[in-house]
Amino acid sequence: MAVQEVASTPETSKVALFNDPKIRSWIFQIVLITVIGWVLYSMAINAATNLERQGIAGGFGFLSNEAGFGVNFSPFIAYTEISSYGTVFWVGLQNTLVIAFLGIILTTILGFTLGVARLSSNWVISRMAYVYVEILRNVPLLLQIFIWYKGVLALLPTAKNSLDLGIFGVVNVKAYFGPKPIFAEGAGTVAIVFLVAVIISILVARWSKKRQMATGQRFPVLWTTLGLIFLLPLIAYFIVGQPLSFEYAVEGRFGPRGGMPVLPEFTALLLALVTYTAAFIAEIVRAGILAVDRGQTEASYALGLRPGQTLRLNIIPQAMRVIIPPLTSQYLNLTKNSSLAVAIAFPDLTSIFAGTALNQTGQAVEILLMTMLTYLALSIITSMFMNWYNAKMALVER
Amino acid sequence: MSDTPSNGVVNVSYVRQQMDPAMPPPTSESGVIGWMRKNLFSSIPNTLLTLFAFYLIYLIVPGFLNWSLFDAVWTGTDRLACATTFQGGKLAEDWSGACWPYVGAYLKQFIYGRYPVEELWRANLVFVVFAVGLIPLLMPTVGYKRINLILMIGVFPVAAFVLLLGGNLSYSGFLLPNALVAPSLFKFWLDFAILTLVFCGIAYGMSRATASDPAPAIKQTLIAMAILAVVLLVAAVDFGLAEVETDRWGGLLLTMVIAITGIVASLPLGVLLALGRQSDMPIVRLFSVIFIEGWRGVPLITVLFMSSVLLPLFLPDGVTFDKLLRALIGVALFSAAYMAEVVRGGLQAIPKGQYEGAMALGLSYWQSMRMIILPQALKIVIPGIVNTFIGLFKDTTLVSIIGLLDVLGTINASHADSKWATPVQALTSYLFGAALFFVFCFMMSRYSIFMERRLDTGHKS
C-alpha cells in the first residue's frame, strides 16, 4: 500500500495519504487550480455567449477603426477626429504620463518643503504645515478635484475681463493662456550647449568627489555646476542671436486667442493631485527625518558642521533610505489617481479610452484589459526603477 | 571628632545654611515674550519665515472666513437669496460668499439620498445601532469584545440589510433543474437541504481521508449551514417593511454602506490572501501575489468600470446583479488586496518563535493561525486597518463616477436644480462635503494614532 511507503514507523502506519503534508499540499493546490480554472473558464464562456448575443465581435480589430471624436489636449501626438481608436489609446496614455510626470516633480518639491516645515523650530511654520497636511489628507481627492475645477477655477473672471498676469500670460475662466515659446534657428545649438554643460558638471562632480576622497580637499562643486549650467547656455544664446521668443495671447473678439492655452481641466487635476499627494509625502519625509537618530545631529554639531551642512551631508542621506519605499507608493498613487480625470473630462487614458472609446465601441473586455494592463505596467516600471534607486541608496554594510 | 559640637552643626558663620530660593527666569526667557523669542524670532531667517507665514495666514484665513461665514447667506428659500443684482437678486454686485440655505434645503438628500421620507426612521435606526455597537468596540477598556465583535460583524449587517432594504426576499431555488421541481420557496429550501447534505458528505469524506473522527467536522458544517439558514430566513421574513430599492439609497447612508461592507468583506479575504502569500505552497503563493499586486496596480476607477461593465458579461444569462452590489463587489475585492498587505505586515512582525511554539504544541496550521498567530497579528495592525478604512471611506466618492448617488454624487446631482443655481452653489456644496468627510476621517485618524500609542509596548521585536 502507498500508505506503508510513506510511513516510517509502525506507530504511524495508520497515517493516511491525506495526512502527509507534502501530498496534502499538492492535493490542495490541484483543487485550487481546478476551481480557479473552472471559474475563469465559465466566465470566459459566459462572456463569449453574452457578447455574441449583443452582436459584439471580439478581438482588437476595432483599434484601427476611426474614432470620430475630438480630444482637446494632446501636446505631442497629432490627433484629429479621423484618427483611430489605437491613436486614442496612445493619446490617453500620453496625457496620463504628462500629468503623472509633472505631478510627481511638483508634488515632490511641495511635499519635501512641507515635511521640513512640519519639523521646523518655527512654531507658526510647523503649525501651518500640520494644518495643511491634516486638511488635505482627510478630504477625498475626487472632492478636491471638483473644488478646484468647479469651485475655485470657476470663480476666475470671464473671457471678456481676462486677468492679465504680465509676462506670465492671461487667465480667465475658460483657460490659462501661457506664453508660447517660439524657437528660431540656433535654438538647437543652445540645447546642445546646455547638454554639454550638464555632462561637464557631472564629470566635475565625479572628479571633485574622487579628489576629496583622495586628498580631503574640497572643490566648490555647487557654484561651478550652477555657473556651467546657466552661464554656458546663456552665452551661447546671445552668440547665436537670441533664438527664443514668446508668443502671447492677444485680445480677440471672444476673449484672448493664441499663446499656449492650458485648459482648466488640466490645471484643476494637476493642482489637486499635487496638493493632495504632497500632504502624504510631507508625512513620509517627516517620519524619515525623525527616524534618524538624534545622536547623528549631535555628532555633526560636535564635528563643527553648520545646521545646513548637517541636514545636507548627514541627515538627509540617511533619511532617504526610510523615505524612498513609501515615496514610491505615493508616486504610484499619484499616477493611478490621475485616472480621476474622467470625472472632469480631462482626456487621460481612463477618460477617453476606457470612457468614450468604450461607450462608442462596446468592446468592454478588450478596452478594460488594455487599460488595466497599462496601469499595471506603469506601476511595475515605476516600482522597478525605485527599487533600483533604493538599492543604490541603501546602507552598504560591511 | 571631639571638636564637633553636640548639636552636630559646625558653627561657621560664612557657610550658607539655607539655599536661596531660585530666581525666576529673566523675562526675555519666560512667558509669552520668551516663547516668541525662542519659537518665532530666534534668528533673522526665522523671523523672515515667521513674517512670511503671517502673510500667508493673512492672505488665506480672513478671505476664507469671510467667504464661508461672515459674508455668507444663512436664510432664504431659493436662489434669489444668494444672487447678486446682476443675477436677479438683491446682493451687491461684487458679493461672493457661501449660500448655506441651499445646503439646508438639501441636507436630507445629502444624508439619505432619495430614501423615502416616511421610511427615514429605518435609516436612522441603522445609524444609531451602528454607533451604539461601534463605540464600546473601539474603547479598549470596555470588556465583552468577542460578543461585541460577533454582534457587529455577524448580526448588525444582517439587521441593517433587512432594515434598509425591507427584507421579505423571495427565493426560487438554485440547484435542481426547474423542470424537475417548479421554482418556489419549497424548491429553494429543498436545494438548500441537498447542498447541506453534499457539504456534510465532503466533510465526512475528508475526515475519513485523514483518518480522524468525522463527527466534529460534520457538526461544524451543520452549524455553519444552520447559521446561513437563519440569516436567509430572517431576510425572507415579512416584517411589514416596505421595500426600498437600492437605487433610492444615497448620500451619507450609501457612503457608509459601501465603506463598511467593503471593510467587513475585505477583512476575511485579506487575511486569507495574506496567509496565502506567506504560504509554503508555490501555487497558492503565486495566486495570492498575482491577485494582490494585480488589484493594487490598477486605479479603483477602472475596477469600478470593470465591475459595472464586465461583471454582467461574466455572469450566466439571466443572472443580474444590482448596480450597488456590483460596485460593492469591486470595492471589496480592491480593498481586500490592500488589507492583505496590512495583515502581512502584522504576520511578519510576529516573532518566529510564536510559529515554532505553536507547532511544538502540536497545533495544526489552521489551529495555530486561529489561536496563536492571527490574534496577535491582527491586534498590532489595528492602526493599519483603520488607515485602510479611512482610504476606503474617501475612495467611496468614486462610485459617483459610475452613477451611484453617494455624498458626492448627490452633491453633483443637486447642481442641476435650477431653484438654487448660482455661481457660488458648487463651492458651497463642496465645502459642506469636504467638512463632512474631514470630520469623519480626522476622527478615525486620531483613533488610529491613539491605538498606535496604546499598542506600542516600547519593545518592538
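Residues numbered from 1 in each chain as written. Chains lettered and ligands numbered in written order. Predicted model: local features only at pLDDT ≥ 70, side-chain atom pairs only at ≥ 80, totals over all residues. Heavy atoms only, no water.

### Some remarks on the overall build of chain A
The secondary structure content of chain A amounts to 13 helices and eight strands. By the compact-globule yardstick of 21 Å for 398 residues, chain A is too spread out, its C-alpha radius of gyration being 29 Å. C-alpha extents for chain A along the principal axes are approximately 90 × 70 × 45 Å. For chain A, with 398 residues in total, the buried portion stands at 41%. Considering only intrachain contacts with a sequence separation of at least 6, the fraction spanning at least 24 residues in chain A is 64%. Counting every atom, chain A has about 22,300 Å² of accessible surface; 68% of that belongs to carbon and sulfur. Across chain A, the mean location of the 26 positive side-chain charges is 12 Å away from that of the 18 negative side-chain charges. (Helix = DSSP H or I, 4+ residues; strand = E, 2+ residues; numbered from the N terminus. Rg over C-alpha atoms; globule rule 2.2 N^0.38 Å. Buried < 20%, exposed > 50% of the residue type's maximum accessible area, 1.4 Å probe, protein only. Contact = heavy atoms within 4.5 Å. Areas by Shrake-Rupley, 256 points an atom, 1.4 Å probe, with all protein chains shown as cover. Lys, Arg positive; Asp, Glu negative; His and termini not counted. Charge placed at Lys NZ, Arg CZ, Asp CG, Glu CD.)

### A closer look at helix α7 (residues 214-236) of chain B
Residues and elements named next belong to chain B. Taking 1.5 Å per residue, 23 residues should reach 33 Å; α7 reaches 33 Å between its end C-alpha atoms and fits that length. Within α7, burial applies to Pro-214, Thr-221, Met-225, Ala-229, Leu-232, Ala-235 and Ala-236. Residues of α7 that are buried make contact with α5 (145-165) and α6 (185-209). (Expected span 1.5 Å × (residues − 1).)

### A closer look at the domain arrangement of chain A
What the domain assignment lists for chain A is domain 1 (2-47), domain 2 (85-179 + 248-393) and domain 3 (181-247). In this structure, domain 1 of chain A and domain 2 of chain A have C-alpha centres spaced 49 Å apart. (Domains from an automatic or database assignment.)

### Some words on the sheet that holds strand β3 (residues 176-178) of chain A
All names here are of chain A. Ordered by their spatial adjacency, four strands build an open sheet running β1-β2-β3-β8, and the pairing between neighbours is antiparallel. At either margin of the open sheet sits one strand with a lone partner, and together these are β1 (163-164) and β8 (260-262). One ladder, built from two bridges, connects strand β2 (residues 170-171) with β3; its direction is antiparallel. Its bridge partner being in β3, Val-170 is matched across the sheet by Phe-177. (Pairing = 2+ DSSP bridges.)

### Overview of the confidence of the model for chain A
The predicted model of chain A has a mean per-residue pLDDT of 84, with 94% of residues at 70 or higher. When the criterion is pLDDT under 50, residues 1-12 of chain A qualifies, and its contacts beyond four places in sequence or with other chains add up to nine contacts. (pLDDT = per-residue confidence, 0-100.)

### Looking at the environment of Cys99(B)
Residues and elements named next belong to chain B. Inspection of the secondary structure assignment puts Cys-99 in the loop between α2 (44-70) and α3 (100-112). Along the backbone, Cys-99 and Met-139 are 40 residues apart, and their C-alpha atoms lie at a distance of 39 Å. Apart from the residues within four sequence positions on either side, Cys-99 is in contact with Val-73, Cys-82, Trp-420, Val-424 and Thr-428.

### Observations concerning the packing of aromatic side chains
Applying the stated rule across the entire model yields 30 aromatic pairs over all chains. Considering the side-chain rings of Tyr102(B) and Tyr106(B), the 5.7 Å spacing of their centres and the 65 degrees angle between planes classify their relative orientation as edge-to-face. Pair noted here: Tyr102(B) and Tyr106(B) are both in helix α3, with a separation of four residues, about one helical turn. Each member of the pair, Tyr102(B) as well as Tyr106(B), is classed as buried. One residue, Arg127(A), lies across the ring of Tyr130(A), its end atom 5.0 Å from the ring centre. (Phe/Tyr/Trp six-rings, centres within 6.5 Å; stacked < 30°, edge-to-face > 60°. Lys NZ or Arg CZ within 6 Å of the ring centre and 35° of its normal.)

### A word on the domain arrangement of chain B
Residues and elements named next belong to chain B. Taken domain by domain, chain B consists of domain 1 (31-103) and domain 2 (107-115 + 249-461). For domain 1 versus domain 2, the separation of C-alpha centres amounts to 36 Å. Carbon and sulfur atoms supply 74% of the area buried between domain 1 and domain 2, which totals about 1,400 Å² over both sides. When residues of domain 1 are sorted by the area they lose upon contact with domain 2, Arg-79, Tyr-102 and Val-103 head the list and together hold 49% of the total. Applying the counting criterion to the domain 1 and domain 2 interface returns zero salt bridges. Where domain 1 touches domain 2, the interface holds five residue pairs in polar contact (both at pLDDT 80 or more). (Buried area = accessible area lost by both parts, 1.4 Å probe. Salt bridge = Lys/Arg side-chain N within 4 Å of Asp/Glu carboxyl O. Polar contact = N/O pair within 3.5 Å; in protein donor to acceptor, adjacent residues only side chain to side chain.)

### Quick word on the nonpolar core
Core analysis: the largest hydrophobic core is formed by 163 residues, its most contacted members being Phe353(A), Tyr115(B) and Trp249(B). Setting aside its immediate chain neighbours within four residues, Trp249(B) contacts Tyr112(B), Tyr115(B), Leu164(B), Leu165(B), Val244(B), Leu254(B), Val257(B), Leu324(B) and Leu405(B). Formed by ten residues, the second largest nonpolar core is a distinct cluster that contains Leu114(A), Ile125(A), Ala278(A) and Ala53(B). (Core = buried A, V, L, I, M, F, W, Y, C linked by side-chain atoms within 4.5 Å.)

### Describing the interface of chain A and chain B
On the side of chain B, 59 residues touch chain A, which itself brings 58 residues to the contact. The largest contributions to the chain A side of the interface with chain B come from Asn138(A), Leu143(A) and Met372(A), which together make up 12% of the buried area. Across the chain A-chain B interface, the total number found is one salt bridge. Across the pair Glu134(A) and Arg446(B) runs a salt bridge, and its minimum N-O distance is 3.3 Å. Across the chain A-chain B interface, the total number found is 13 residue pairs in polar contact (both at pLDDT 80 or more). Secondary structure elements with two or more residues in the side of chain A that touches chain B: α2 (21-54), α4 (123-137), α5 (141-152), α8 (264-291), α11 (341-344), α12 (349-361) and α13 (364-393) of chain A. When residues in the side of chain A that touches chain B are grouped by element, the largest group, 15 residues, is from α2(A).

### Some thoughts on α4(A)
If you check α4(A), its first and last C-alpha atoms are 21 Å apart, about what 15 residues at 1.5 Å a residue would give, namely 21 Å. Looking at α4(A), one finds that the buried residues are Val124(A), Ile125(A), Ser126(A), Ala129(A), Tyr130(A), Val133(A), Glu134(A), Leu136(A) and Arg137(A). Buried-residue contacts for α4(A) involve α3 (85-118), α5 and α8 of chain A together with α2, α14 (382-395) and α16 (425-455) of chain B. Its side-chain oxygen placed 3.2 Å from the backbone nitrogen of Val124(A), Asn122(A) serves as the N-cap of α4(A).

### What about a positive patch on the surface?
Residues Arg206(A), Lys209(A), Lys210(A) and Lys392(A) make up a contiguous surface patch of positive charge. Mapped onto the elements, Lys209(A) comes out in helix α6 (residues 187-215). (Patch = residues over 30% accessible without salt bridge, like charges linked within 9 Å, V, L, I, M, F, W, Y side chains within 5 Å.)

### Observations concerning unusual backbone geometry
Negative phi values dominate among residues other than glycine, just as trans dominates among peptide bonds. Its identity as a non-glycine residue notwithstanding, Ala345(A) has a phi of 60 degrees, on the positive side. Phi at Tyr144(B) takes a positive value of approximately 55 degrees, unusual for a residue other than glycine. As for its position among the elements, Tyr144(B) is in the loop between α4 (120-138) and α5.

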